[in-house]
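# Secondary and tertiary structure notes
Each chain is listed here by its residues.
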Amino acid sequence: QGLQDDPPRRARRTNNHRWDDSTQERYEVLREWRKERAERRGVESDVILSNRTLYVLARQNPNTTRALEDCDSLNDWERQEYGKEIVALLQQQDE
(Lines give C-alpha, C1' and ligand atoms only; values in the text may rest on other atoms or scores of the structure.)
Protein backbone atom coordinates (compact mmCIF):
# COMPACT_ATOMS: atom_id res chain seq x y z
CA GLN A 1 0.00 0.00 0.00
CA GLY A 2 2.83 2.43 0.77
CA LEU A 3 3.92 2.31 -2.86
CA GLN A 4 0.52 3.47 -4.02
CA ASP A 5 0.56 6.65 -1.95
CA ASP A 6 1.67 9.90 -3.51
CA PRO A 7 5.24 10.83 -2.61
CA PRO A 8 5.53 13.52 0.04
CA ARG A 9 5.75 17.01 -1.35
CA ARG A 10 8.89 18.98 -0.80
CA ALA A 11 8.54 22.04 1.33
CA ARG A 12 8.40 25.09 -0.84
CA ARG A 13 11.21 27.52 -0.24
CA THR A 14 9.93 31.01 0.37
CA ASN A 15 11.75 34.27 0.32
CA ASN A 16 10.56 35.91 3.51
CA HIS A 17 12.94 38.84 3.36
CA ARG A 18 11.79 41.57 1.04
CA TRP A 19 14.07 44.31 -0.12
CA ASP A 20 13.04 47.85 0.49
CA ASP A 21 13.26 50.22 -2.46
CA SER A 22 16.52 51.85 -1.38
CA THR A 23 18.26 48.48 -0.96
CA GLN A 24 17.05 47.41 -4.40
CA GLU A 25 18.30 50.66 -5.95
CA ARG A 26 21.72 50.26 -4.32
CA TYR A 27 21.90 46.67 -5.52
CA GLU A 28 21.13 47.70 -9.11
CA VAL A 29 23.73 50.48 -9.02
CA LEU A 30 26.33 48.03 -7.67
CA ARG A 31 25.43 45.49 -10.39
CA GLU A 32 25.88 48.11 -13.10
CA TRP A 33 29.23 49.17 -11.59
CA ARG A 34 30.35 45.52 -11.43
CA LYS A 35 29.35 44.96 -15.07
CA GLU A 36 31.38 47.97 -16.23
CA ARG A 37 34.35 46.95 -14.06
CA ALA A 38 34.23 43.41 -15.46
CA GLU A 39 34.12 44.68 -19.05
CA ARG A 40 37.22 46.81 -18.44
CA ARG A 41 39.06 43.79 -17.03
CA GLY A 42 37.73 41.44 -19.69
CA VAL A 43 36.22 39.02 -17.19
CA GLU A 44 32.77 37.79 -16.19
CA SER A 45 30.89 39.96 -13.70
CA ASP A 46 30.96 37.42 -10.90
CA VAL A 47 34.77 37.43 -11.02
CA ILE A 48 34.60 40.99 -9.67
CA LEU A 49 32.11 40.37 -6.83
CA SER A 50 29.37 37.78 -6.31
CA ASN A 51 25.66 38.58 -6.29
CA ARG A 52 25.61 37.68 -2.60
CA THR A 53 28.35 40.22 -1.88
CA LEU A 54 26.46 42.90 -3.79
CA TYR A 55 23.34 42.10 -1.80
CA VAL A 56 25.23 42.37 1.51
CA LEU A 57 26.74 45.69 0.45
CA ALA A 58 23.34 47.02 -0.67
CA ARG A 59 21.75 45.95 2.60
CA GLN A 60 24.54 47.13 4.93
CA ASN A 61 25.17 50.33 2.93
CA PRO A 62 28.66 51.11 4.23
CA ASN A 63 29.22 54.83 3.64
CA THR A 64 32.89 55.03 4.70
CA THR A 65 35.92 52.88 4.03
CA ARG A 66 36.01 52.18 7.79
CA ALA A 67 32.43 50.88 7.66
CA LEU A 68 33.41 48.75 4.68
CA GLU A 69 35.97 46.97 6.88
CA ASP A 70 33.06 45.57 8.92
CA CYS A 71 31.61 43.96 5.80
CA ASP A 72 32.96 40.42 6.07
CA SER A 73 31.72 39.41 2.62
CA LEU A 74 34.69 41.28 1.09
CA ASN A 75 38.21 39.97 1.42
CA ASP A 76 41.17 42.28 2.00
CA TRP A 77 42.12 42.41 -1.68
CA GLU A 78 38.56 43.27 -2.77
CA ARG A 79 38.38 45.97 -0.10
CA GLN A 80 41.68 47.45 -1.28
CA GLU A 81 40.87 47.17 -4.98
CA TYR A 82 37.20 48.22 -5.03
CA GLY A 83 36.51 49.78 -1.63
CA LYS A 84 36.76 53.46 -2.50
CA GLU A 85 34.65 53.03 -5.64
CA ILE A 86 31.97 51.10 -3.74
CA VAL A 87 31.80 53.66 -0.95
CA ALA A 88 31.60 56.52 -3.47
CA LEU A 89 28.75 54.78 -5.33
CA LEU A 90 26.82 54.17 -2.12
CA GLN A 91 27.37 57.75 -0.93
CA GLN A 92 25.96 59.03 -4.23
CA GLN A 93 22.87 56.89 -3.70
CA ASP A 94 22.30 58.45 -0.28
CA GLU A 95 22.34 62.01 -1.64
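Residues numbered from 1 in each chain as written. Predicted model: local features only at pLDDT ≥ 70, side-chain atom pairs only at ≥ 80, totals over all residues. Heavy atoms only, no water.

### A short note on the packing of aromatic side chains
To describe a pair of aromatic rings, one takes the distance between the centres and the angle between the planes. Summed over the entire model, instances satisfying the criterion amount to two aromatic pairs. On the basis of an interplanar angle of 90° and a centroid distance of 5.6 Å, the ring pair of W77 and Y82 is categorised as edge-to-face. Overall, the relative accessible area of 0% leaves Y82 in the buried class. Members of the aromatic cluster, each reached through a chain of ring pairs, are W33, W77 and Y82. (Phe/Tyr/Trp six-rings, centres within 6.5 Å; stacked < 30°, edge-to-face > 60°. Buried < 20%, exposed > 50% of the residue type's maximum accessible area, 1.4 Å probe, protein only.)

### Side note on the pattern of salt bridges
Under the counting rule described, the total for this entry stands at seven salt bridges. A salt bridge links R37 to E81; the shortest N-O distance between them is 3.8 Å. Separated by 44 residues along the polypeptide, R37 in helix α1 (residues 21-41) and E81 in helix α5 (residues 76-94) bring together distant segments of the chain. When its relative accessible area of 11% is taken as the criterion, R37 is described as buried. For the salt bridge of R37 with E85, the shortest nitrogen-to-oxygen distance reads 2.6 Å. (Salt bridge = Lys/Arg side-chain N within 4 Å of Asp/Glu carboxyl O. Helix = DSSP H or I, 4+ residues; strand = E, 2+ residues; numbered from the N terminus.)

### What to know about the packing of α1 against helix α3 (residues 51-60)
Between α1 and α3, the least distance of the axes is 8 Å, while the angle of their chain directions is 135°. Taken together, the axes of α1 and α3 are oblique relative to one another. The handedness of the crossing between α1 and α3 comes out as right-handed. Residues T23, R26, Y27, L30, R31 and R34 of α1 form the contact with α3, whose participating residues are N51, L54, Y55, L57, A58 and R59. The residue makeup of the contact of α1 with α3, split by class, is six nonpolar, two polar and four charged. (Axes fitted to C-alpha atoms, helices over the stretch in contact; angles between N-to-C directions. Parallel < 35°, antiparallel > 145°, perpendicular 65-115°, else oblique. Left-handed = near helix turned anticlockwise from the far one by under 90°. Contact = heavy atoms within 4.5 Å. Nonpolar A, V, L, I, M, F, W, Y, C, P; charged D, E, K, R; others polar.)

### Comments concerning the environment of D94
Its location among the elements puts D94 in helix α5. Beyond its immediate stretch of four places on either side in the chain, D94 contacts R26, N61 and N63.

### A few points about the side chain of N61
For N61, the location among the structural elements is in the loop between α3 and α4 (65-69). Overall, the relative accessible area of 17% leaves N61 in the buried class.

### Looking at the nonpolar core
Of all hydrophobic cores here, the largest spans 19 residues; its most connected members are L30, W33, L49, L57 and I86. Of all the secondary structure elements, the ones that give two or more residues to this core are α1, α3 and α5. Apart from the residues within four sequence positions on either side, L49 is in contact with W33, R34, L54, L57, L74, E78, Y82 and I86. (Core = buried A, V, L, I, M, F, W, Y, C linked by side-chain atoms within 4.5 Å.)

### Considerations on the environment of Q80
Within the fold, Q80 resides in helix α5. Overall, Q80 belongs to the exposed group, its relative accessible area being 68%. Distance in space between the C-alpha atoms of Q80 and T65 is 9.5 Å, their sequence separation being 15 residues.

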